[in-house]
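Chain by chain, the residues run as shown.
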Amino acid sequence: MSILFSPLKIGNTTLPNRISVAPMCQYSAVDGSMTDWHIMHLGSMALSGASMLVIEAAGVVPEGRITPQCVGLYSDANEEALARVMKFVRSISPIVTGIQLAHAGRKASSHRPWNGRGPLKPNEGAWQCVAPSEVALATDWPVPHALTREEMNRAKEAWVAAAKRAARVGLDFIEVHSTHGYLFSEFLSPLSNKRTDEYGGSLQNRMRWPLEVFRAMRTAWPADKFIGAKISGSDFVPGAWSPDDAVVYAGELKKAGADYVTVSGGGVVLDAQVPVAPGYQVPFAERVKRETGICTGAVGLITDPHQAEAVLAAGQADFISIARALLFNPRWGQHAAVALGADDAGVPYAKQYDRGSPRLWPPGKTMGKLGA
């Protein structure tokens, strides 16, 4: 029996398989509001065969967006646009759907990837970025404004307000973005947090504000729905955030009410030497799962169904978060079930597409023979 296509319980929710659609920024929103592109994209992902869909990072305030074209969840218009998209997704798929709530910190006010990724210039609509300390991302990036205690409190209120908006829309879960060099990971990493108050210095101090915000969100989020976080396994810089720190942080999140963590990493600085290879971040997930017992997702160039199955079989993670492979092949889940010899019980098909299941093909025909 395939482990990838076995049930998984997160909080009070039982998923029919262990494939999660990772949050993938589309850079296609208008003033933070989703557009028809998101209907197409999320509709496609909802039919992928995955059991869990995490909508792309949504800024909790306008200045928390990575680019001017990023999704937000800070206004009534944003909420209405998300509700419109979710009405469509719910009409075509039973997939369990949540949203990643985020603040880009000093990496905000940037160009879209296909426009160069660098910081916006003043004549391009740049805005003031914020961070735990006045430390720029790189030499050619602007120095951010260091958040005051009052501003941190207002930011916490924005996270809570976004969680309440997600609840009103009827989402099944929320995920707190706490990696990739955005605001929470800027507080967590000694590379970007140079504060001298109780929110800087030791690991306990650097974790303090992200955990304060997380606890406030857990209180605001419906008790019967689950909540998770995406965290860093490493900064990929010696002497910085490490797998040891990830274990401690995941344990504290678990105490604060987190039902799962997905372990990624990097992004706090641009010159880190990241050893990119298939499954390169899986060992971080393995340590977190083994040492904290929290439900753990693995990411990091996991593209092949047998590779995903092996990670689960080895006990390195509880579920697999897929991104690029799903952009390339939006039916990755159904194809994975065929590759692993799983039946259709753990991988839903839309009724309109059900006849595409190989179980209904003429005898003797295979995906390979039909060129699928």
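Since this is a predicted model, take the numbers as computed values, not measurements.

How each quantity is defined
- Residues numbered from 1 in each chain as written.
- Predicted model: local features only at pLDDT ≥ 70, side-chain atom pairs only at ≥ 80, totals over all residues.
- Heavy atoms only, no water.
- Axes fitted to C-alpha atoms, helices over the stretch in contact; angles between N-to-C directions.
- Helix = DSSP H or I, 4+ residues; strand = E, 2+ residues; numbered from the N terminus.
- Parallel < 35°, antiparallel > 145°, perpendicular 65-115°, else oblique.
- Left-handed = near helix turned anticlockwise from the far one by under 90°.
- Contact = heavy atoms within 4.5 Å.
- Nonpolar A, V, L, I, M, F, W, Y, C, P; charged D, E, K, R; others polar.
- Buried < 20%, exposed > 50% of the residue type's maximum accessible area, 1.4 Å probe, protein only.
- Pairing = 2+ DSSP bridges.
- Phe/Tyr/Trp six-rings, centres within 6.5 Å; stacked < 30°, edge-to-face > 60°.
- Lys NZ or Arg CZ within 6 Å of the ring centre and 35° of its normal.
- Patch = residues over 30% accessible without salt bridge, like charges linked within 9 Å, V, L, I, M, F, W, Y side chains within 5 Å.
- Areas by Shrake-Rupley, 256 points an atom, 1.4 Å probe, with all protein chains shown as cover.
- Salt bridge = Lys/Arg side-chain N within 4 Å of Asp/Glu carboxyl O.
- Disulfide = S-S within 2.5 Å.

S.K.: Looking at this structure, how should I read the packing of helix α1 (residues 36–46) against helix α2 (residues 76–92)?
M.R.: Helix-helix packing is described using two parameters, namely the angle between the two axes and the distance between the axes. As a packed pair, α1 and α2 sit with axes 9 Å apart at the nearest point and diverge in direction by 30°. Taken together, the axes of α1 and α2 lie roughly parallel to each other. You can see that α1 and α2 cross each other, and the crossing is right-handed. Counted together, Asp36, His38, Ile39, Leu42, Gly43 and Ala46 of α1 and Arg84, Val85, Phe88, Val89 and Ile92 of α2 form the full contact between these two elements. By residue class, the composition of the contact of α1 with α2 is 7 nonpolar, 2 polar and 2 charged.

S.K.: I tried to follow the pairing of strand β9 (residues 226–232) on my own but got confused; where do I start?
M.R.: In the case of a regular strand, side chains alternate between the two sheet surfaces. Counting buried positions over the 7 residues of β9 gives 7, a clear majority of the element. Summarising the sheet, β9 and strand β10 (residues 260–264) pair through 5 bridges and their orientation is parallel. Each bridged residue has a counterpart across the sheet, and for Ala229 the counterpart in β10 is Val261.

S.K.: In this structure, what is going on with the packing of aromatic side chains? I would like to understand it.
M.R.: What describes a pair of aromatic rings is the distance from one ring centre to the other and the angle between the planes of the rings. Overall, the coordinates contain 11 aromatic pairs when judged by the stated rule. Ring geometry for Phe173 versus Phe226: centroids 4.7 Å apart, planes at 10°, classification stacked. Here Phe226 lies in strand β9 and Phe173 lies in strand β8 (residues 173–178), a separation of 53 residues in the sequence. Accessibility expressed as a relative area gives 1% for Phe226, which makes it buried. Here a set of aromatic residues connected by ring pairs shows up, and it is made of Trp159, Phe184, Phe187 and Trp209. The side chain of Arg65 reaches across the aromatic face of Trp127, ending 5.5 Å from its centre. Of note, Lys107 hangs over the ring of Tyr182, and the distance from its end group to the ring centre comes to 5.0 Å.

S.K.: What's the story with a nonpolar patch on the surface in this structure? I'm lost.
M.R.: Among the surface-exposed residues, Val274, Val276 and Leu301 lie close enough to one another that they form a single nonpolar patch of about 210 Å² accessible area. Within the element layout of this structure, Leu301 appears in the loop between β11 (295–298) and α8 (305–313).

S.K.: How should the state of the cysteines be read in this particular structure?
M.R.: The term disulfide refers to a covalent linkage connecting the sulfur atoms of a pair of cysteines. Tallying each qualifying case throughout the model produces 0 disulfides. Free of any disulfide, Cys25 has its nearest neighbouring cysteine sulfur in Cys70, separated by 5.0 Å. By relative accessible area, Cys25 is classed as partly exposed at 25%. Distance from the sulfur of Cys129, which forms no disulfide, to the nearest cysteine sulfur (Cys70) is 12 Å.

S.K.: Would you take a moment to explain the environment of Gly341 for this structure?
M.R.: One can find Gly341 in the segment after α10 (332–339). On the basis of relative accessible area, Gly341 is assigned to the exposed category, the value being 65%. When the C-alpha atoms of Gly341 and Phe5 are compared, they prove to be 9.9 Å apart, with 336 residues separating the residues in sequence.

S.K.: It is not clear to me how the pairing of β8 should be interpreted in this structure. Could you clarify?
M.R.: Taking burial as the measure, the 6 residues of β8 include 6 buried ones, the bulk of the element. Going residue by residue along β8, you find Phe173, Glu175 and His177 tucked away on one face and Ile174, Val176 and Ser178 tucked away on the opposite face as well. Pairing between strand β5 (residues 96–102) and β8: 4 bridges, direction parallel. Of the residues in β8, the one forming a bridge with Ile99 is Ile174. With 6 bridges joining them, β8 and β9 adopt parallel strand pairing. Across the sheet, the residue bridging to Ile174 is Ile227, located in β9.

S.K.: Is there a simple way to think about the pattern of salt bridges in this case?
M.R.: As a working rule, side chains carrying opposite charge can pair if their charged atoms are close by. Applying the stated criterion across every chain yields a total of 14 salt bridges. A salt bridge links Arg154 to Glu150; its shortest N-O distance comes to 3.1 Å. Here Arg154 pairs with Glu150, and both are found in helix α3 (residues 149–169), just 4 residues apart, close to one helical turn. Residue classification places Glu150 among the exposed residues on the basis of a relative accessible area of 55%.

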